[in-house]
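Descriptive structure summary
Here are the chains, one letter per residue:
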There are 2 protein chains.
Amino acid sequence: MNFTYANSAQIFFGQGQIASVATAIDADAKVLVIYGGGSIKKNGVYDQVKEALSGHKWIEFSGVEPNPTVETLDKAVALAKSENVDFILAVGGGSVIDGSKYVAAAALYAGEGWDILERKYQVEKAIPIGAILTLPATGSETNMGAVVTKSATQTKLSFLSPAVLPRFAVLDPDVMKTLPERQLVNGLVDAWVHICEQYLTSPQGAMVQDGYAEALLKNLLVLAADFDNRDNDSWRANLMWTANQALNGLIGSGVSQDWSTHMIGHELTAMFGVDHARSLAIIQPSLMRNQIKYKKAKLEQMAVNVFGLSEGEDLSEACIQAIEAFYNGLDVQTSFADYEGTKDEAVDAVIAKLQGNGMLVIGENQSIDIATSRAIVAQAFA
Amino acid sequence: MNFTYANSAQIFFGQGQIASVATAIDADAKVLVIYGGGSIKKNGVYDQVKEALSGHKWIEFSGVEPNPTVETLDKAVALAKSENVDFILAVGGGSVIDGSKYVAAAALYAGEGWDILERKYQVEKAIPIGAILTLPATGSETNMGAVVTKSATQTKLSFLSPAVLPRFAVLDPDVMKTLPERQLVNGLVDAWVHICEQYLTSPQGAMVQDGYAEALLKNLLVLAADFDNRDNDSWRANLMWTANQALNGLIGSGVSQDWSTHMIGHELTAMFGVDHARSLAIIQPSLMRNQIKYKKAKLEQMAVNVFGLSEGEDLSEACIQAIEAFYNGLDVQTSFADYEGTKDEAVDAVIAKLQGNGMLVIGENQSIDIATSRAIVAQAFA
């Protein structure tokens, strides 16, 4: 299994590290600061950014929403173009960072930005980006992927390009102090599924990748069990670093990756507004059971190495149940009922959307066709 | 525990990846290829390098010895200077790569190269380096450290600089096919101790770093137990990737690091010609027992998480014995008798050398003074 791997992002980890931005961005760069709904103005992060950028010329764009929309982001693209910015500083969680990646790429592209998501244009250049993470979950701060939604058509798509890998990422666990419990839970679940998408594939004997993935999954189990201590510095630091490692390219190097849970989950978010992490918890158990033929061996390995289950009669099913228990223990549901109309209508609508987005065959073995997706969604819907 | 982390090295992993060098080095760069005793001419690596560099101007320097000496390397420095080379391609194991780092730095320094090792000059620039790894062990291919020996005084010292981090590293497990068994064993042991130097310190609750370290240690246990299958592609690939991860900066980020076993071990290599890895196996158990006050908690954690030992009466001593069993199982000795004269004379000589090199107080707690080092060495010598 050949692979190439590089991740040049500079990490600034720890309390007070937002100040590092002062020297991490070229002194003569004109900076566009992009953020979300304004929570950074309440928790002190905005003031720290302002202080760090006091030697720079900078402007700002706020209002990037969760599951950022191209409609909003294109306003930032126009601003980046008209102001000729040299650097984009994303201050937020995965949505703000993903959105900033889109802005950085679209600002150097003459056509319609949405072409990037429809893969009509492969991003080769982008305005350099830095990220100040405020919500550990997606790993977007040191990876080259982004997910963007077109609100008009409820279409949620992704793109990848080395050009949008942040030059640096500030991971200061103190920014988590004011996060709502729901977002911490989402972070645990999102990181968990990111690891699973790269780990729960056919066994390939990649001992480093498997061992790292198992170590990260065990961290998340410990942090979830220790959720009452979420106000401790070490709890915060461990979640922040674990969620980063869950999707920075390392554990997925040289091994098959799945991502079908994400592809189906994205539709639940786009159509019903389900939190990204929670859409994954709804789909994953059903998908695992449906694809048990391909997943069995690795689920058995996970049962032993992650959950500490002994050899037993049906270890793979025991593992799926342990995954469900992990979600349910965090009050995250593993089935979905919050749709209008009948279950059949809701399933049909999701499948029509998946089909419309071209997700006709998905999964690491290309074994999930539309009929299979329908069975997976039907099983996951109450 | 704040930290900064970056590792920009591009990894080309897998069979046939030596060909990647063709495009990884700028087409107009004049390349100095540095290698060792000529094994690469017998195992086909040299021919692959030649083929990959067919579009480049390049010259070569061979004869870098194990534990590379400044006396040899300074000849390469003179060549790099006189030929105005733009890029250095190290083709070999840790000794060749470490030596190439020294050459890359010394070639851009007007003073005596040895100043770098004596810390009279902090390296800030170096000729860019790439590495083709032929012996998995030291991790030098993607880190910024190097160890160089002055033969005239039997002095073995190290330096660190981001400027000598290789731009890329080729990890093709096929190059291991012709390695002598002794070097594979050394690779297992060297990687093992590298991990321990970053892991067997006071517990700091760094779950990612600990979990990754434990995963890598377990890999090495499995590979050692499976040593009969060392001719399998997957065995080779797993050792190569594990040894790389053991010392690329990741598991040591934000945690205390020890390295006292290395500092004492270096003297055994410099004075008695003991293989680097084997010098570590001689010193480490004695050092762990001597420093049990500081090491106990983490040894207990290692006993449980790496060796799968249950809670018991003296888990830390059980862990040290398990480490000794790992070495002995590979026919690596954990005490040393191959000195001339009496044991007291030999110990005195090692301690005098350590003192002469300024290693007066070592270890992550600065708890190993010269008297303590003497006790550690005396305990390790038969």
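Keep in mind that what you see is a predicted model, and the values were worked out from it rather than measured.

Looking at the UniProt feature "domain: Alcohol dehydrogenase iron-type/glycerol dehydrogenase GldA" (unreviewed entry) in chain A
Summarizing the sequence annotation, UniProt attributes the feature "domain: Alcohol dehydrogenase iron-type/glycerol dehydrogenase GldA" (unreviewed entry) to residues 10-173 of chain A in the numbering used throughout. Secondary structure across residues 10-173 of chain A divides into 28% helix and 26% strand, with the first and last C-alpha atoms of the span separated by 17 Å.

Some remarks on the nonpolar core
A:Leu89, A:Trp192, A:Met302, B:Trp192 and B:Met302 are the most contacted members of the largest nonpolar core, which totals 276 residues. Tallying contributions element by element places helix α8 (residues 207-225) of chain B first for this core, with 11 residues. Discounting chain neighbours no more than four positions away, the residues touching B:Trp192 are B:Leu217, B:Leu220, B:Leu221, B:Gln284, B:Met302, B:Val306, B:Phe307, B:Ile323, B:Phe326 and B:Tyr327.

Here we look at the relation of the copies chain B and chain A
What relates the two chain copies is a rotation about an axis together with a slide along it. Rotating chain B by 180° about the axis while translating it 0.0 Å along that axis superimposes it on chain A, leaving an RMSD of 0.0 Å. Viewed as a symmetry operation, the transformation between the two copies matches a two-fold axis. Rotation axis and chain B: the residue whose C-alpha lies nearest the axis is B:Ser8, separated from it by 2.0 Å. Mapped onto chain A, 100% of the interface residues of chain B again fall at the interface, so both copies present the same surface.

Section: the packing of helix α7 (residues 181-199) of chain B against helix α9 (residues 233-246) of chain B
All names here are of chain B. Look at α7 against α9: their axes get within 9 Å of each other, and the N-to-C directions meet at 35°. The crossing of α7 and α9 is left-handed. Counted together, Leu184, Leu188, Ala191, His194, Ile195 and Gln198 of α7 and Trp235, Leu239, Ala243 and Ala246 of α9 form the full contact between these two elements. For the contact of α7 with α9, the residue count by class is eight nonpolar, two polar and no charged.

Side note on the interface of chain B and chain A
Contact residues are listed per partner, giving 34 residues for chain B and 34 residues for chain A. Taken together, both faces of the contact between chain B and chain A bury some 2900 Å²; the carbon and sulfur share is 58%. The interface formed by chain B and chain A contains zero salt bridges. Where chain B packs against chain A, one counts 12 residue pairs in polar contact (both at pLDDT 80 or more). When residues of the side of chain B that touches chain A are traced back to their parent elements, those giving at least two are β1 (3-13), α8 and α9 of chain B. Of the residues belonging to the side of chain B that touches chain A, the class tally is 18 nonpolar, 15 polar and one charged. Relative to β1(B), strand β1 (residues 3-13) of chain A is paired through seven bridges, and the arrangement is antiparallel. Bridge pairing in β1(B) places A:Thr4 opposite B:Phe12.

Quick look at the pattern of salt bridges
Side chains that differ in charge, positive against negative, can pair when their charged atoms come close. Residue and element names in this part refer to chain A. Enumeration over the complete set of coordinates arrives at 33 salt bridges over all chains. A salt bridge links Asp174 to Lys177; the shortest N-O distance between them is 3.7 Å. A salt bridge links Arg289 to Glu317, with the shortest nitrogen-to-oxygen separation between them at 2.9 Å. In this pair, Arg289 sits in helix α11 (residues 276-290) while Glu317 sits in helix α13 (residues 315-329), placing the two residues 28 residues apart along the sequence. Looking at Glu317, the relative accessible area reads 22%, which means it is partly exposed. Taken together, the salt bridges that share partners define one network made up of Arg182, Asp275 and Arg278.

A look at the packing of aromatic side chains
Within the structure shown, the criterion is met by 35 aromatic pairs over all chains. With centroids separated by 4.8 Å and ring planes inclined at 10°, the aromatic side chains of A:Phe13 and B:Phe3 adopt a geometry described as stacked. Linking A:Phe13 in strand β1 with B:Phe3 in strand β1, this pair reaches from one chain into another. Among the aromatic side chains, those forming a connected cluster through ring pairs are A:Trp192, A:Phe307, A:Phe326 and A:Tyr327. Across the ring face of A:Tyr46, the terminal group of A:Lys41 is positioned such that the distance to the ring centre comes to 4.7 Å.

Here we look at the sheet that holds strand β4 (residues 87-92) of chain A
The mixed open sheet is built from 12 strands, whose spatial order is β3(A)-β2(A)-β4(A)-β5(A)-β8(A)-β1(A)-β1(B)-β8(B)-β5(B)-β4(B)-β2(B)-β3(B). Edge positions in the open sheet fall to β3 (57-61) of chain A together with β3 (57-61) of chain B, since each of these has one partner strand only. Across the sheet, the axes of successive neighbouring strands diverge by a mean angle of 25°, strand direction being ignored. In this sheet, β3(A) lies alongside strand β2 (residues 30-35) of chain A in parallel orientation, the contact comprising five bridges. Residue A:Val31 lies in a different strand from β3(A), and its bridge partner there is A:Trp58. Helix-sheet contacts for helix α4 (residues 70-82) of chain B involve β2 (30-35) and β3 of chain B, and the interaxial angle to β3(B) is about 160°. Contacts from helix α5 (residues 94-106) of chain B reach β2, β4 (87-92) and β5 (129-133) of chain B within the one sheet, and its direction differs from that of β4(B) by about 165°.

Overview of the side chain of B:Arg236
Residue and element names in this part refer to chain B. By the element assignment, Arg236 lies in helix α9. You can call Arg236 buried: its relative accessible area is 4%. The residues contacting Arg236, other than those within four sequence positions of it, are Pro173, Met176, Lys177, Arg230 and Asp231.

Focus: unusual backbone geometry
The phi torsion at A:Gln154 lies on the positive side, around 50°, for a residue other than glycine. Mapped onto the elements, A:Gln154 comes out in the loop between β6 (145-150) and β7 (155-160).

Some remarks on the domain arrangement of chain A
Residue and element names in this part refer to chain A. Here chain A is partitioned into domain 1 (10-175) and domain 2 (180-380). For domain 1 and domain 2, the distance between their C-alpha centres works out to 26 Å. Contacts between the two partners involve 24 residues from domain 1 and, on the opposite side, 23 residues from domain 2. Around 2000 Å² of area is buried between domain 1 and domain 2 when both sides are counted, 60% of it from carbon and sulfur atoms. When the area that domain 1 buries against domain 2 is broken down by residue, the three leading residues are Pro136, Gln154 and Lys156, summing to 30%. At the boundary of domain 1 with domain 2, the tally comes to zero salt bridges. Sorting the residues of the side of domain 1 that touches domain 2 by element identifies β1 and β7 as the ones contributing at least two each. No other element matches the three residues that β7 contributes to the side of domain 1 that touches domain 2.

Focus: the packing of helix α9 (residues 233-246) of chain A against α8(B)
Two elements in contact, α9(A) and α8(B), have axes whose closest approach is 8 Å; the angle formed by their N-to-C orientations is 50°. Taken together, α9(A) and α8(B) sit at an angle that is classed as oblique. In contact with A:Asn238, A:Trp241, A:Thr242 and A:Gln245 of α9(A), α8(B) contributes B:Met207, B:Val208, B:Gln209 and B:Tyr212. Per-class residue counts for the contact of α9(A) with α8(B) are four nonpolar, four polar and no charged.

Here is what the cut-offs are and how they apply
- Residues numbered from 1 in each chain as written.
- Chains lettered and ligands numbered in written order.
- Predicted model: local features only at pLDDT ≥ 70, side-chain atom pairs only at ≥ 80, totals over all residues.
- Heavy atoms only, no water.
- UniProt positions renumbered as here; feature names shortened; annotations may be inferred.
- Helix = DSSP H or I, 4+ residues; strand = E, 2+ residues; numbered from the N terminus.
- Core = buried A, V, L, I, M, F, W, Y, C linked by side-chain atoms within 4.5 Å.
- Buried < 20%, exposed > 50% of the residue type's maximum accessible area, 1.4 Å probe, protein only.
- Contact = heavy atoms within 4.5 Å.
- Least-squares fit on C-alpha atoms with pLDDT ≥ 70 in both.
- Axes fitted to C-alpha atoms, helices over the stretch in contact; angles between N-to-C directions.
- Left-handed = near helix turned anticlockwise from the far one by under 90°.
- Nonpolar A, V, L, I, M, F, W, Y, C, P; charged D, E, K, R; others polar.
- Buried area = accessible area lost by both parts, 1.4 Å probe.
- Salt bridge = Lys/Arg side-chain N within 4 Å of Asp/Glu carboxyl O.
- Polar contact = N/O pair within 3.5 Å; in protein donor to acceptor, adjacent residues only side chain to side chain.
- Pairing = 2+ DSSP bridges.
- Phe/Tyr/Trp six-rings, centres within 6.5 Å; stacked < 30°, edge-to-face > 60°.
- Lys NZ or Arg CZ within 6 Å of the ring centre and 35° of its normal.
- Domains from an automatic or database assignment.
- Parallel < 35°, antiparallel > 145°, perpendicular 65-115°, else oblique.

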